[in-house]
Each structure stands twice: as structure tokens, then as C-alpha cells.
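# A look at the structure
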Amino acid sequence: MLKIKIGGLMATSKALKAGIGYTVGNYLVKGISFLTIPIFARVLSPSDYGIFNTYLAYESIFYLFICLAVHTCLKNGKYKYQESFSSFSSSCLLLICINFVIWLLLVNILYPVIKIFTGYSIWIINILIFHCLASSVLIFYNSYISLNFEYRPYLIVSALNAIGNVVLSVLLIHFVFPSSRYIGRVLGTFIPLAVISIYVFFYFFKKAKPSINRAYWNFALKFSLPLIPHGISQVILSQFDRIMITKMVGETESGIYSFGYTIFSIVQITGASVDSAWEPWFYKKMHENDYATIKEKSSIVIVLMALFMATIMLLSPELLKILGTSAYKDSVYCVIPLVAGGFFAFLYNFPAEIEYYFEKTKFIMAGTMAAAILNIVLNYIFIKKLGYITAAYTTLATYFLYFIFHCFLAKKIFSENVYSKKMLILTSFFIFAATAVSVFFLNIFVVRVSLALLSIGLFILYEEKKIGILKSKLKTKK
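These figures come from a predicted structure and were not determined experimentally. (Residues numbered from 1 in each chain as written. Predicted model: local features only at pLDDT ≥ 70, side-chain atom pairs only at ≥ 80, totals over all residues. Heavy atoms only, no water.)

### Let's talk about the overall build of the chain
How we decide: By definition, any uninterrupted DSSP run of H or I lasting at least four residues is a helix, any uninterrupted run of E lasting at least two residues is a strand, and each is numbered from the N terminus. Burial here depends on accessible area, computed with a 1.4 Å probe over protein chains only, as a share of the maximum for the residue type. Under 20% is buried, over 50% is exposed, and the range in between is partly exposed. Two residues form a contact once any of their heavy atoms are found within 4.5 Å. Methods summary: accessible areas were calculated by the Shrake-Rupley approach with a probe of 1.4 Å, and residue burial reflects only the protein chains presented.
Helices and strands together make up the secondary structure of the chain, namely 20 helices and zero strands. Relative to its full complement of 478 residues, the chain shows a buried share of 56%. Contacts spanning at least 24 positions in sequence make up 84% of the contacts within the chain whose residues lie at least 6 apart. Total accessible area on the chain is roughly 21100 Å²; 70% of this is exposed by carbon and sulfur atoms.

Put into C-alpha cells, the structure is as follows:
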């Protein structure tokens with residue numbers, strides 16, 4: 001009995017270490033736009049900044065059609081194909097490659113239509129499609145290694161990508177594309193990722209020779225295809241507002257809004273990192289029917305993330321001043337509601353994991369599509385009437401409803417109380433209160449900093465309390 005309980009604590013510790021590792025790695029690979037803001041805010045005009053971020057939005061959409069969301073089936077595939085998981089993974093990666101070739105041909109055939117909508121040249125469109133393949137391969141690799149909490153290889157790959165991204169982008173902007181700087185930024189982002197994806201191909205195909213396996217592909221597609229509309233809807237929630245601002249207002253305003261969105265990337269990346277470690281741990285505990293532990297640990301994570309995000313909201317004006325220039329000063333009005341929306345985007349992962357675990361991906365698709373449609377309608381109405389800043393508030397409203405809707409779906413699928421309702425309600429009220437306070441005291445530095453320090457203090461005290469409880473448990477076991 002003692003051995004089992006200590007083993008559980010060791011598993012939790014391993015997940016915690018992995019979560020920290022993924023956080024660092026994600027700040028390098030996904031958070032490169034945040035880490036390099038001081039550099040690129042000074043070498044790119046708001047217009048170039050807007051064009052590049054719109055390119056990333058298109059990449060996020062096209063990527064889903066190329067990757068087929070196949071990486072999402074790996075968690076379930078590990079349990080279904082335990083003895084042949086390497087062959088299963090290699091075959092799934094081959095499926096992505098074949099799909100990429102089909103899309104590459106289609107995009108070139110349909111280029112005249114695509115140009116009308118995007119305005120990009122044919123060679124930028126081709127780079128975009130190859131960029132999508134490279135992103136698909138890297139995300140597939142990250143999903144694969146996270147199943148065993150292998151964060152060190154991810155850290156290495158992330159660091160190489162981050163360094164290559166920054167150095168190559170700066171060189172291309174200054175020496176190759178000084179008059180069209182967004183092109184240098186696009187190529188600087190794509191090339192290091194492409195090189196890494198080549199390594200990943202060798203990694204998987206060395207483990208198992210790629211083969212066409214109908215059983216593998218049927219399972220992967222049945223699980224993953226419903227998640228493509230879900231993925232597109234998520235992109236609409238997180239990216240489409242920038243495309244709409246570009247089309248309805250202008251590239252400069254889109255650049256200012258996108259700059260504010262980079263602060264949102266702090267919470268998005270942190271949430272994604274926590275989720276990378278949480279997913280395999282959650283699957284393990286669900287498999288063991290250990291619902292009490294899930295409820296306890298999830299409450300800790302939710303409280304800590306709420307305090308973290310409140311601190312970011314309170315300090316957002318200072319972060320923007322440090323990271324940007326006066327050209328982006330208006331983005332301060334977008335940051336606070338965007339970060340608050342990010343909290344509910346993070347909370348969504350908890351009910352969604354239940355839907356994933358029971359392979360109810362159609363429910364996930366339905367909920368996310370409804371939220372995406374709502375977001376488009378709200379943006380269309382309010383951006384026209386009140387300006388681009390209102391897109392941040394429509395994002396907050398949509399993510400909140402998105403989270404609520406998935407809570408109802410998860411409860412319908414599984415009646416057991418896996419998460420604390422009380423904690424979800426309290427932290428939701430806390431975030432709304434922090435949003436109101438941050439906006440009301442936007443120009444009063446002393447009040448905001450005092451409250452931010454209070455949040456940091458509560459974060460530390462709560463963390464120490466839980467560490468103390470864990471140490472007591474270990475002493476009791478002895």
C-alpha cells in the first residue's frame with residue numbers, strides 16, 4: 001500500500017517537472033513572438049507587424065487541414081496499440097505527409113481564388129503550406145514525447161528553433177528584405193522550423209518504417225477528423241479577430257491589436273504548457289478511477305493560474321511599455337479583457353479532457369463551432385459600431401460562454417464530479433473582479449502594483465501551503 005501511494009506521488013512529481021519543462025519550451029517555441037517583442041516592435045512598422053500576424057493567422061487555419069488533427073489521437077492510440085505504438089505513430093505521420101502533397105497541389109491549382117482573399121504572392125502561399133507541414137510535424141512530435149513526460153528533448157528542439165528564428169529573421173529583415181520586412185520575418189520563422197521537422201521525420205521513421213495501415217488510419221481519422229472543425233473554430237476564437245480587423249479597419253490597427261495580443265500569449269503559452277503535462281496524468285488517473293486526486297490537483301492548478309493571470313492583467317500597462325514603442329500605446333486597452341478571456345480558454349481544457357477521454361470528439365466540435373460562430377457575429381457587429389478594441393471584449397465573452405458550454409457537455413458525458421464546482425465558480429468571479437479593477441485603475445500605478453504584489457504573495461503562500469501538505473504526507477508514509 002505504501003509503495004502504491006509513494007508511486008502516485010512520484011508520478012505527480014514527474015508530471016510537475018514535465019509541466020515546468022514544457023512551460024520553458026513553449027515560451028521558446030510558441031512564445032517566440034512574446035520573447036522577441038522588444039526587437040521586432042522596433043524593426044517592423046505596425047503595418048508590417050499586422051501583415052505578419054495575419055500570415056500567422058492563415059497558417060493556423062491551413063495547418064489544421066494539413067495535420068488533420070492526427071496528433072490528438074496519440075493519447076488514446078497509446079492505450080489501444082500498446083505493443084505497436086511506434087508503428088502506429090510512424091504510419092500516422094505518413095498520413096500527414098500524403099495529405100500535405102494533396103493540399104500543395106490543390107493550393108497551386110486554386111491560387112487565383114486564394115490570391116483574391118489573401119493578397120499573397122504564389123511563392124508566399126507555397127511557403128505558407130510548407131510552414132503548415134513543419135508545424136504539423138513539430139506538434140506531432142511534442143504530443144508523442146509528452147506521453148512519457150519527456151520534456152528535455154522538447155527543450156532542446158525549442159531552444160534551437162527560438163535562436164534560429166530570431167537570428168535569421170533579424171538578418172533577413174536588415175540585409176535581404178529591408179523594404180518588405182514582413183517577408184524577412186516570415187522566412188525567418190519558417191526556415192528553422194523546416195530544418196527541425198526534417199530531424200523529426202528521421203526520428204519517427206527510424207523507430208518504425210512508415211507504412212500504409214488502414215486499421216491505424218481508420219482509428220486516427222475517426223478520432224481526429226471531428227476535431228478539424230473544432231480546431232478551425234479555436235483558430236477563429238484566437239486569430240480571426242485580427243483578420244477581421246485587417247479587412248474592416250486596417251493593417252495598422254491590426255498590428256496594434258496583435259501587439260496587445262502578445263501579452264495574451266503569456267497566459268496562452270503557460271496554459272498550454274500546464275495542459276501538456278496535465279493530459280497524460282489525467283488519463284492515467286481516470287484509468288485508475290482516482291477521481292478524488294484529480295479534483296484535488298485540478299483545484300490547485302486553477303487557483304494558481306487565476307492568481308498568475310490577475311497579476312498579468314494588473315501589470316499589463318508596464319509590460320507593454322517595456323516591450324513596445326509609443327506606436328503601440330493604444331494596445332493597452334485590449335490586453336486586460338484578452339488576458340481574462342485567456343483564463344476561460346485555459347479552464348475549458350478541464351471539461352474538454354473528459355470529452356477526449358471518452359472519445360466524444362463530436363461534442364467538442366459542436367461546442368467550439370458554436371462559440372466560433374458567436375465570436376464572428378459579435379466581432380462583425382461591434383467592430384463596425386465601436387471600433388477594433390471591442391474585439392477584445394467579444395473574445396472574453398465568447399471564451400466564458402465556451403467554457404460554460406463545455407462544462408455542460410462534460411457533465412452529460414460523465415456524471416462523476418471530477419472537478420470542484422465551487423472552485424470553478426470562485427475563480428471565475430475572481431477573474432471578472434480582477435478585470436474590472438485593472439480597467440478602473442488603469443492610470444493609477446500605485447493601486448495596480450499593490451494589488452499585483454498581493455496576488456504574487458497569495459500565489460507564493462498557496463504554493464507553500466500545498467508543498468507543506470505534500471511533505472506531511474511523505475513523512476506520514478515513513
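And the narrative resumes.
### Describing the nonpolar core
Defined as follows: Among buried residues, those of type Ala, Val, Leu, Ile, Met, Phe, Trp, Tyr and Cys that are joined through side-chain atoms within 4.5 Å constitute a nonpolar core.
Ranked by size, the top nonpolar core spans 141 residues in total, and within it Phe88, Tyr257, Phe282, Leu347, Val418 and Tyr419 carry the most contacts. Counting residues per element, this core draws most heavily on helix α8 (residues 122-146), at 14 residues. Contacts of Phe282, omitting those with residues within four sequence positions, involve Ile294, Glu353, Ile354, Tyr357, Val418 and Tyr419.

### Structural notes on the pattern of salt bridges
Our working rule: Any carboxyl oxygen of Asp or Glu within 4 Å of a side-chain nitrogen of Lys or Arg constitutes a salt bridge here.
Counted under the stated rule, the structure contains four salt bridges. For Glu288, the salt bridge identified is with Lys285, shortest N-O distance 3.7 Å. Residue Asp290 pairs with Lys285 through a salt bridge whose shortest N-O separation is 3.7 Å. Judged by its relative accessible area of 21%, Asp290 falls in the partly exposed class. Among the charged side chains, a network of salt bridges with common partners joins Lys284, Lys285, Glu288 and Asp290.

### So, the packing of aromatic side chains
Applicable threshold: Two rings belonging to Phe, Tyr or Trp (six-membered ring only in the last case) form a pair when the distance between their centres is within 6.5 Å. Interplanar angles under 30 degrees mark stacking, angles over 60 mark edge-to-face geometry, and anything in between is tilted.
Applying the stated rule across the entire model yields 37 aromatic pairs. Aromatic pair Phe88 and Tyr216: ring centres 5.4 Å apart, planes at 85°, arrangement edge-to-face. Remark: Tyr216 occurs in helix α11 (residues 214-224) and Phe88 occurs in helix α6 (residues 85-109); sequence separation between them is 128 residues. Here Phe88 matches Tyr216 in class, with each residue buried. A ring pair is formed by Tyr199 and Tyr203, whose centres lie 6.4 Å apart and whose planes are at 40°; its orientation type is tilted.

### Thoughts on the environment of Ser87
The residue Ser87 is located in helix α6 in this model. Judged by relative accessible area, Ser87 falls into the partly exposed class, the value being 30%. Setting aside chain neighbours within four positions, we find Ser87 in contact with Ala208 and Tyr216.

### Some thoughts on the packing of α6 against helix α7 (residues 111-118)
Test applied: Here the axes come from fitting lines to C-alpha atoms, over the contacting stretch only for helices, and the angles between their N-to-C directions go from 0 to 180 degrees. An angle counts as roughly parallel when it lies under 35 degrees, as roughly antiparallel when it exceeds 145, as roughly perpendicular when it falls between 65 and 115, and as oblique in every other case. Residues are grouped as follows: Ala, Val, Leu, Ile, Met, Phe, Trp, Tyr, Cys and Pro are nonpolar; Asp, Glu, Lys and Arg are charged; all remaining types, including Gly, are polar.
At a minimum axis distance of 5 Å, the contact between α6 and α7 shows a crossing angle of 75°. Of the possible angle classes, the one that applies to α6 and α7 is roughly perpendicular. Across the interface between the two elements, Val107, Asn108 and Ile109 from α6 touch Tyr111, Pro112 and Ile114 from α7. Looking at the contact of α6 with α7, its residues break down into five nonpolar, one polar and no charged.

### Describing the packing of helix α18 (residues 390-413) against helix α19 (residues 421-440)
For the pair α18 and α19, the least separation of the axes is 13 Å and the interaxial angle reads 175°. Classified by the angle between their axes, α18 and α19 sit roughly antiparallel to one another. Along the contact surface, α18 presents Tyr393, Leu396, Phe400 and Phe403, while α19 presents Leu424, Ser428, Phe432 and Val439.

### A short note on the confidence of the model for the chain
Formally: Confidence of the predictor in every single residue is expressed as pLDDT, which spans 0 to 100.
Confidence along the chain averages 80 in pLDDT terms, with 87% of residues attaining 70 or more. Looking at the elements of the chain, mean pLDDT is at its lowest for helix α1 (residues 2-29), recorded as 49, and at its highest for α6, recorded as 92. Per-residue pLDDT stays below 50 along residues 1-12; that stretch engages in nine contacts with residues further than four places along the chain or on separate chains.

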